[in-house]
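Each chain, written out:
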Amino acid sequence: MMQVINAITITTMRPAHRRIAISYESIEFHPVNMTAKIVQKLNGTISATQHVQDRIRDPMFITVRPDWAISEASVSPEKNRLSRRSLLRAGLAVPALSTTLYGGPSYAAGSSPASKTDIPSAGRPLSAEKDVLSYNNFYEFGSTKDIVSAAQAMQLHPWSLTIDGMVGKPRTIAFEDLLGKMKVEERIYRHRCVEAWSMTVPWMGFPLADLIALAEPLSGARYVVFKTRMEPDQMPGLAQIWYPWPYTEGLAMDEATHPLAFIATGLYGKPLSPQNGAPLRLVVPWKYGFKSAKSLASISFTDQRPKTFWEQTGPREYGFWANVNPDVSHPRWSQASERLIGSDERVPTLLYNGYAEQVASLYTGRSREKLFM
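Residues numbered from 1 in each chain as written. Predicted model: local features only at pLDDT ≥ 70, side-chain atom pairs only at ≥ 80, totals over all residues. Heavy atoms only, no water.

1. Let's talk about the overall build of the protein
Helix and strand content of the protein: ten helices and 18 strands. The buried share among the 373 residues of the protein stands at 53%. Carbon and sulfur atoms provide 52% of the accessible area of the protein, an area that totals close to 16,600 Å². (Helix = DSSP H or I, 4+ residues; strand = E, 2+ residues; numbered from the N terminus. Buried < 20%, exposed > 50% of the residue type's maximum accessible area, 1.4 Å probe, protein only. Areas by Shrake-Rupley, 256 points an atom, 1.4 Å probe, with all protein chains shown as cover.)

Have a look at this one:
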């Protein structure tokens, strides 16, 4: 049986990150094949309504959440979701299937085939969105946490990613074209800074392994190198000439292709903000946060281990591997516990930031390396 709801308002996202509310008349929901019916009707409505079409340059996408994924209700604010309770009040029997609508260049449809074992629960409540958006390290905009205002000067459009080094076909791909090739999903991860504070963040994005597959690295490539964009006229922190710009990070190939390694394009159901590393940032949840390079301009493949930004800046304090370990102190402070941002609470730090079951096997043959700095 097909049912009809009149005048549902759907919030979409424009490239300039402004929200536009659009009312669609007579959207059809089908209990058996709900997604197909929504896509068909939305596409037809957009095509038939010229004033709506004129305001939207980017397609609407629909993500059907796989059964292993984290509940959307724990991530997206109520005002940004199609409320299941509202649909029930309207008389629609919604099946046990969560459907999320995204628009604009920051998201694409689909989901990763990762398993429940690959994506463990964060085991902590989400951090408040205001804290995640306002407490940031991004040295290109300054060496304090108060960089939100300065970061807004970064121009996000156009944006492209260069893929080079030991690959079959080096290329530069536009951000929108890249996302058109990826399947976006939602991941809630713990984020542990080397400064002994932490957050729990709901990221949107895609597995780094999918980007590596697109790059088609040569068999001899052993490391992946990530570099942040450099724009001196937009990034006042680049005037700190004692730092080895551009910001450079790296992962071994087996780390980079691990199911937990992630490229984020959004958080809290919205596109990434500039201060959080828009439009593309690396997320490696079992490592200290400085490994998760922001605002990526390029990824390169090499057979030589790269010298990373903080490894060059302070080699006695920061290493290449930088895995979280409560038993290995920073030279200037303990790593045994961490402060939860948004509160005064301190909690014990966990080995590999709580992801030991998933990633410890990566390091069984690397016991001679300084894995925890």
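What follows picks up the thread again.
2. A short note on the UniProt feature "binding site: Mo-molybdopterin" (unreviewed entry) in the protein
Sites flagged by UniProt as "binding site: Mo-molybdopterin" (unreviewed entry) map to Asn 136, Tyr 139, Glu 140, Cys 193, Thr 228, Asn 276, Arg 281, Ser 292, Ala 293 and Lys 294. For Tyr 139, the residues in contact, after removing those within four places along its chain, are Gly 237, Gln 240, Tyr 243, Trp 245 and Trp 310. Within the fold, Glu 140 resides in the loop between α4 (129-134) and α5 (148-151). Residues in contact with Glu 140, not counting those within four places in the same chain, are Thr 228, Met 235, Pro 236, Gly 237, Leu 238, Trp 245 and Tyr 247. (UniProt positions renumbered as here; feature names shortened; annotations may be inferred. Contact = heavy atoms within 4.5 Å.)

3. Quick notes on the sheet that holds strand β8 (residues 171-174)
Taken in spatial order, the five strands of this open sheet run β8-β7-β16-β11-β12, and their pairing is mixed. The sheet terminates laterally at β8 and β12 (248-252), the two strands that pair on one side only. Put simply, the sheet's adjacent strands are angled 20° from each other on average, direction ignored. Pairing of strand β7 (residues 160-165) with strand β16 (residues 296-302), which is carried by four bridges, proceeds in the parallel orientation. Across the sheet, Gly 165 pairs through a bridge with Phe 301, a residue of β16. (Pairing = 2+ DSSP bridges. Axes fitted to C-alpha atoms, helices over the stretch in contact; angles between N-to-C directions.)

4. Thoughts on helix α7 (residues 208-215)
All of the buried residues along α7 are Leu 208, Leu 211, Ile 212, Leu 214 and Ala 215. Looking straight down α7, one finds its buried side chains confined to an arc of 155°; they lie on one side. Glu 216 sits one or two positions beyond α7 and adopts a positive phi of about 55°. (Arc of directions from axis to C-beta.)

5. Some thoughts on unusual backbone geometry
Cis geometry marks the peptide bond from His 157 to Pro 158; its omega dihedral reads 0°. Mapped onto the elements of the fold, Pro 158 is located in the loop between α5 and β7. Here the residue pair Trp 245 and Pro 246 is connected by a cis peptide bond, since its omega of 0° sits within 30 degrees of zero. Relative to the elements of secondary structure, Pro 246 occurs in the loop between β11 (223-228) and β12. The phi dihedral of Ala 196 falls on the positive side, at around 75°, and the residue is not glycine. Considering the arrangement of structural elements, one finds Ala 196 in the loop between β9 (185-192) and β10 (197-207). Of the residues examined, Ala 196 reaches a relative accessible area of 8% and is grouped as buried. Although it is not a glycine, Tyr 268 adopts a positive phi angle of roughly 55°.

6. Quick look at the nonpolar core
Among soluble globular proteins, nonpolar side chains are generally buried collectively. The biggest cluster of nonpolar side chains holds 78 residues, and the ones touching the most others in it are Leu 208, Leu 211, Trp 286 and Phe 301. Those residues in contact with Phe 301, other than ones at most four positions away along the chain, are Ile 163, Asp 164, Gly 165, Met 166, Val 167, Ile 212, Ala 215, Pro 217, Ala 221, Tyr 223, Val 224 and Met 253. (Core = buried A, V, L, I, M, F, W, Y, C linked by side-chain atoms within 4.5 Å.)

7. Looking at the side chain of Glu 255
Considering the arrangement of structural elements, one finds Glu 255 in helix α8 (residues 253-256). Residues contacting Glu 255, with those up to four places away along its chain left out, are Ala 261, Trp 286, Lys 287, Trp 321, Asn 323, Leu 362 and Tyr 363.

8. Points about the packing of aromatic side chains
Overall, the coordinates contain 20 aromatic pairs when judged by the stated rule. Plain terms: the ring middles of Tyr 139 and Trp 310 are 5.2 Å apart, the flat faces sit at 85° to each other, and that makes the pair edge-to-face. One end of the pair, Tyr 139, is in the loop between α4 and α5; the other, Trp 310, is in helix α9 (residues 309-313), with 171 residues separating them in the sequence. By relative accessible area, Tyr 139 is classed as buried at 16%. Assessed through its relative accessible area of 13%, Trp 310 is described here as buried. Ring centres of Tyr 352 and Tyr 363 lie 5.6 Å apart, and the angle between their planes is 10°; this geometry places the pair in the stacked category. With Tyr 352 in the loop between β18 (346-348) and α10 (356-359) and Tyr 363 in the segment after α10, this pair connects stretches of sequence that are eleven residues apart. By relative accessible area, which is 5% here, Tyr 363 ends up buried. In textbook terms, an aromatic cluster arises when at least three aromatic residues are bridged by ring pairs, as seen for Tyr 139, Trp 242, Tyr 243, Trp 245, Tyr 247, Phe 290, Phe 309, Trp 310 and Tyr 318. Note that Arg 229 overlies the ring of Trp 159, its terminal NZ or CZ placed 3.9 Å from the centroid. Lying over the aromatic face of Phe 320, Lys 291 brings its terminal NZ or CZ to 4.3 Å of the ring centre. (Phe/Tyr/Trp six-rings, centres within 6.5 Å; stacked < 30°, edge-to-face > 60°. Lys NZ or Arg CZ within 6 Å of the ring centre and 35° of its normal.)

9. Quick notes on the pairing of β12
Of all five residues that make up β12, five are buried, and the element is covered over most of its length. Here β12 shows a buried face lined by Thr 248, Gly 250 and Ala 252 and a second buried face lined by Glu 249 and Leu 251. Bridge count between β11 and β12: five bridges; the pairing is antiparallel. Across the sheet, Phe 226 pairs through a bridge with Glu 249, a residue of β12.

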